[in-house]
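# Coordinates in review
Each chain, written out:
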Amino acid sequence: MKGIFDLIKYPKGREGEKPELSLGLRLKIGNQETVCPLTEPSGHYEALEKEVQTIKQDLGRVMEKARDFFKGDRSTEGKLDFNADMEAAQIWALLSEIEDAGQFVKIFNDLDEPRRKEIAEHVLTHCNVFTGKASVFSSRYDNESGFME
């Protein structure tokens with residue numbers, strides 16, 4: 001059996017530049033098989049590696065959810081209900097009340113990417129990042145991936 005991941009080669013790169021690679025996911029439906037890109041094309045190993053690390057972090061987050069599910073830990077389900085109308089400041093106010101640092105990170109990382117970036121912008125521009133939860137946030141937030149570590 002072939003692996004589910006493969007490299008996609010772009011021999012001419014963008015606009016005739018050097019060759020590029022991206023990570024792809026092998027999909028097979030019936031007799032048809034294709035490889036769908038999971039990362040942006042890159043002409044440098046380091047850039048591709050960074051995107052793959054982001055995917056690994058996301059897979060790790062999903063596996064944590066699965067572990068919690070199978071352990072029966074549903075302590076975060078329904079506890080904080082962020083609706084689409086909430087401002088970043090409102091969500092931050094709820095997040096900053098969470099006592100447990102691990103829970104704080106997990107709930108933040110479980111938000112969708114645009115919401116995480118919106119909250120990060122709020123915290124980093126409107127909060128004192130030297131005290132309280134904003135300090136924890138600023139020390140653990142990775143601007144590139146949009147996740148807290």
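Coordinates for the structure precede this section.
As a starting point, this report considers the structure included with it.

### Some remarks on the layout of surface pockets
Size it by volume and the largest pocket reaches roughly 280 Å³. Looking at the largest pocket, it is lined by 15 residues, and the ones nearest its centre are Arg61, Glu64, Val105, Asn109 and Met148. Looking at the lining of the largest pocket, the elements that each hand over two or more residues are helix H1 (45-71), helix H3 (101-109) and strand S5 (147-148). Within the lining of the largest pocket, the residues separate by chemical class into 3 nonpolar, 5 polar and 7 charged.

### A look at the pattern of salt bridges
In this structure the tally under the stated criterion is 6 salt bridges. Salt-bridge contacts for lysine 106 lead to aspartate 110; the nearest nitrogen and oxygen are separated by 3.2 Å. For arginine 115, the salt bridge is made with glutamate 118, and the minimal N-O distance between the two is 3.4 Å. Remark: glutamate 118 and arginine 115 occur in helix H4 (residues 113-126); sequence separation between them is 3 residues, near one turn of the helix.

Parameters at a glance
- Residues numbered from 1 in each chain as written.
- Predicted model: local features only at pLDDT ≥ 70, side-chain atom pairs only at ≥ 80, totals over all residues.
- Heavy atoms only, no water.
- 1 Å grid on protein atoms, 1.4 Å probe; cavity = no way out; pocket = protein on both sides within 12 Å on 5 of 7 lines; lining within 4 Å.
- Points joined across faces, edges and corners; volume = space filled by probe spheres on them.
- Helix = DSSP H or I, 4+ residues; strand = E, 2+ residues; numbered from the N terminus.
- Nonpolar A, V, L, I, M, F, W, Y, C, P; charged D, E, K, R; others polar.
- Salt bridge = Lys/Arg side-chain N within 4 Å of Asp/Glu carboxyl O.

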